[in-house]
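The chain contents come next:
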Amino acid sequence: DVFFFVTGYLITQDSQFYTVGGEVRAPGQKQWTEGMTLYSAIQGAGGESPYAAMNRVRLYRNGKKYEYDMKRQDHKSVKIYVRDVIEVPEGNLIGR
């Protein structure tokens, strides 16, 4: 097994999970299902906290980082896959 550590969670390479961290109500590893979107994955972690910057959601996949704005429908519908890591950052003083 291969292990790596991201945003405070130990993740195994062979698991059928994705991970959500940051400003969500229930962070951690979640069960992945076929066809899951970035938005539904965040909702599966209890949704965003009042402090979340939903315009800067980060998706880590295969060593690459992508950033999405959950106010955009095309970004909400991005598919996620096994072992993806999603980070919902905290907003700054002006809410971004």
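It should be noted that the structure appears before, not after, this text.
S.K.: Looking at this model, I keep getting lost on the overall build of the chain. Mind explaining?
M.R.: Looking only at helices and strands, the chain features two helices and seven strands. Along the chain, from the amino end to the carboxyl end, the secondary structure elements read β-β-β-β-α-β-β-α-β. Considering the chain as a whole, with its 96 residues, one finds that 40% of them fall into the buried category. Surface accessibility of the chain: about 5700 Å² in total, with carbon and sulfur atoms responsible for 49%.

S.K.: Mind showing me how you'd approach the environment of Asp 74 here?
M.R.: Mapped onto the secondary structure, Asp 74 falls in helix H2 (residues 73–76). When its relative accessible area of 44% is taken as the criterion, Asp 74 is described as partly exposed. At a separation of 2.7 Å, a polar atom in the side chain of Asp 74 contacts the side chain of Arg 72.

S.K.: What am I meant to see in the pattern of salt bridges here?
M.R.: It is possible for side chains of opposite charge to pair when their charged atoms get near one another. For the coordinates displayed, the defined rule picks out four salt bridges. With its nearest N and O atoms 2.7 Å apart, the salt bridge here joins Asp 74 to Arg 72. If you follow the salt bridges from partner to partner, you end up with Arg 58, Glu 67 and Glu 87 in one network.

S.K.: Help me understand the packing of aromatic side chains in this model?
M.R.: Geometry of an aromatic ring pair is reported as the spacing of the ring centres plus the angle between the planes. Under the counting rule described, the total for this entry stands at zero aromatic pairs. Directly above the aromatic system of Tyr 39 lies the positively charged group of Lys 76, at a separation of 4.7 Å from the ring centroid.

So, how was this worked out
- Residues numbered from 1 in each chain as written.
- Predicted model: local features only at pLDDT ≥ 70, side-chain atom pairs only at ≥ 80, totals over all residues.
- Heavy atoms only, no water.
- Helix = DSSP H or I, 4+ residues; strand = E, 2+ residues; numbered from the N terminus.
- Buried < 20%, exposed > 50% of the residue type's maximum accessible area, 1.4 Å probe, protein only.
- Areas by Shrake-Rupley, 256 points an atom, 1.4 Å probe, with all protein chains shown as cover.
- Polar contact = N/O pair within 3.5 Å; in protein donor to acceptor, adjacent residues only side chain to side chain.
- Salt bridge = Lys/Arg side-chain N within 4 Å of Asp/Glu carboxyl O.
- Phe/Tyr/Trp six-rings, centres within 6.5 Å; stacked < 30°, edge-to-face > 60°.
- Lys NZ or Arg CZ within 6 Å of the ring centre and 35° of its normal.

Remember, this is a structural readout, not a statement about activity or role.
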